[in-house]
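Observations on the model geometry
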Amino acid sequence: MGPTASGKTQLATRLAHCIGGEVISADSRQVYRGMTLGSGKDLDEYVVAGDAIPYHLIDILDAGEKYNVHQFQLDVHRVLPEILGRGHYPILCGGTGLYLNALLQEHYFTGVPADPLLRENLELRPHEALLRSFEKLPSAYSPIADTSTKKRTIRAIEISSYLIAHPDYQIPQYPLPRYQVYGIDPPTAVRRVRISDRLRDRLDQGLVAEVQALLDAGISPQSLIYYGLEYKYITQHLLGEFDYQEMVERLETEIHRFSKRQMTFFRKMEREGIDIHWLDHNAPGEAWVETIVANMNKNIYRL
């Protein structure tokens, strides 16, 4: 795991090549076909020394469809036994902290259905009032609920309300195999340069044309704006809300903010018990692979 532009995909694919692994994407946007540059799929990284690295949960849905953390959990547990059955190592790689956390913490309340009417009513209330309401709804979900934002607090109330109304609800159990978690955290200054350089590279490679093609294919502007970052700001530019230069400046700023939020979430995961081994940012990528393989051997993570 790591923030955007930290080198996760390159590390995962080179590790896979070294140990005989298959990569599972933990990215909420890479599941969509046609969203390649904007979601940072970096598919060229999946060929290492002439060998194609198998990957999963990339290009599995059409753009415009909805995907969520619960479906991600189900999909991971579908492909895990397939990978292990081939005698390969599953390597989860991504920066969508919500997905990673739900999987590693084995939070399966994500399957609780949405209640549109309840959400509509709760949206009218301030966050502080929602927090007080949530405190009055003790449930099995209460100890692990994330109420850091109004949106997440509404979901927490939704889940607790459902559990109280359905005391016979069976929480699914999908145990994970033994695993270790590695994080990449470049210094802020390095990360900012990488983000800015990568954005300009992708714009040069045709990122605006990619978004235009999605609109031409019938994907609604609202759907693309929902996906955020590149798809949001470029769609707004194409709709004439601001010119190209303003779009680039706004997008660049927002990606920097996003990377900071990612790191904040990863640190939160650590505080909640996820043991993350942070790799030495001064070491070359080959050393990262060697470190992980050495730890696998030491801890007998061999199949």
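The paragraphs below set out a description of the structure included in this document. Residue numbers restart at each chain and count upward from 1, following the sequence in its written direction. Residue-level local features of this predicted model are given only where pLDDT is at least 70; pairs of side-chain atoms are given and counted only at 80 or more, and the full residue set underlies all totals for whole chains, interfaces and linings. Here the side-chain values reflect all heavy atoms present in the structure, with hydrogen atoms and water set aside.

A word on the sheet that holds strand β7 (residues 89–93). Here three strands make up an open sheet; going across it, the order is β5-β1-β7 and the pairing parallel. Taken across any chain shown, the strands that pair with only one partner, and hence form the sheet edges, are β5 (55–56) and β7. As defined by bridge partners, strand β1 (residues 21–25) adjoins β5 across two bridges and the pair is classed as parallel. Within β5, the position partnered with Val23 by the bridge is Tyr55. Only heavy atoms enter the contact rule, under which two residues are in contact if any of them lie within 4.5 Å. To get an axis, a line is fitted to the C-alpha atoms, and for a helix only the part in contact is used. The angle between two axes follows their N-to-C directions and goes from 0 to 180 degrees. For helices the rule is a DSSP run of H or I covering at least 4 residues; for strands it is a run of E covering at least 2, with both sets numbered from the N terminus onward. Sheet strands in contact with helix α2 (residues 69–85) are β1, β5 and β7, and its direction is about 175 degrees off that of β1. Should DSSP find at least two bridges between two strands, the strands are regarded as paired.

Between helix α3 (residues 97–104) and helix α11 (residues 244–271), whose axes approach to 10 Å, the crossing angle comes to 15 degrees. Between α3 and α11, the interaxial angle falls into the category roughly parallel. For the pair α3 and α11, the sense of crossing is right-handed. Counting all contacts with α3, which are made through Gly97, Leu98, Leu100, Asn101 and Leu104, the residues of α11 involved are Phe265, Phe266 and Met269. Residue type decides the class: Asp, Glu, Lys and Arg count as charged, Ala, Val, Leu, Ile, Met, Phe, Trp, Tyr, Cys and Pro as nonpolar, and the leftover types, Gly among them, as polar. In terms of residue class, the contact of α3 with α11 is built from six nonpolar, two polar and no charged. Relative orientations are named as follows: roughly parallel for angles under 35 degrees, roughly antiparallel for angles over 145 degrees, roughly perpendicular for angles from 65 to 115 degrees, and oblique for any other angle. Each crossing is labelled by how the near helix is turned from the far one, with a counterclockwise turn of less than a right angle marking it left-handed and a clockwise turn marking it right-handed.

Before going further, it helps to examine the pairing of β7. Relative accessibility thresholds used throughout: buried, under 20% of the residue-type maximum; exposed, over 50%; partly exposed, between the two (1.4 Å probe, protein chains only). Only one face of β7 is buried, namely the one carrying Tyr89, Ile91 and Cys93, since none of Pro90 and Leu92 on the opposite face is buried. Pairing geometry for β1 and β7, over five bridges, is parallel. Residue pairing in the sheet places Glu22 in a bridge with Pro90 of β7.

On to the nonpolar core, then. Judged by nonpolar contacts, the single largest core of 51 residues is most densely connected at Met1, Tyr67, Phe72, Leu224 and Met269. With eight residues, the single largest contributor to this core is α11. Aside from chain neighbours lying at most four places away, what touches Tyr67 is Val31, Tyr32, Leu57, Ile60, Leu61, Phe72, Asp75 and Tyr99. Take the buried residues of types Ala, Val, Leu, Ile, Met, Phe, Trp, Tyr and Cys, join any two whose side-chain atoms come within 4.5 Å, and each joined set is a nonpolar core. Counting 21 residues, the second largest nonpolar core, distinct from the first, contains Ile19, Val48, Leu279 and Met296.

We place a 1 Å grid over just the protein atoms. Points where a 1.4 Å probe fits but has no way out form a cavity, open points with protein on both sides within 12 Å along at least 5 of 7 lines form a pocket, and any residue with an atom within 4 Å of a point lines it. Grid points are joined across faces, edges and corners, and a volume is the space filled by probe spheres set on the points. Evaluated as defined, the whole model comprises one cavity of 30 Å³ or more. The computed volume of the largest cavity comes to approximately 50 Å³. For the lining of the largest cavity, the leading source of residues is helix α7 (residues 188–205), giving four residues. Within the lining of the largest cavity, the residues separate by chemical class into four nonpolar, no polar and three charged.

Positioned with a positive phi, Asp42 is a non-glycine residue whose angle comes to about 50 degrees. Turning to its location among the elements, Asp42 is positioned in the loop between β2 (32–33) and β3 (47–48). Here Asp42 falls in the partly exposed class, since its relative accessible area comes to 27%. Even without a glycine there, the phi angle at Asp59 is positive, about 60 degrees. One can find Asp59 in the loop between β5 and β6 (61–62).

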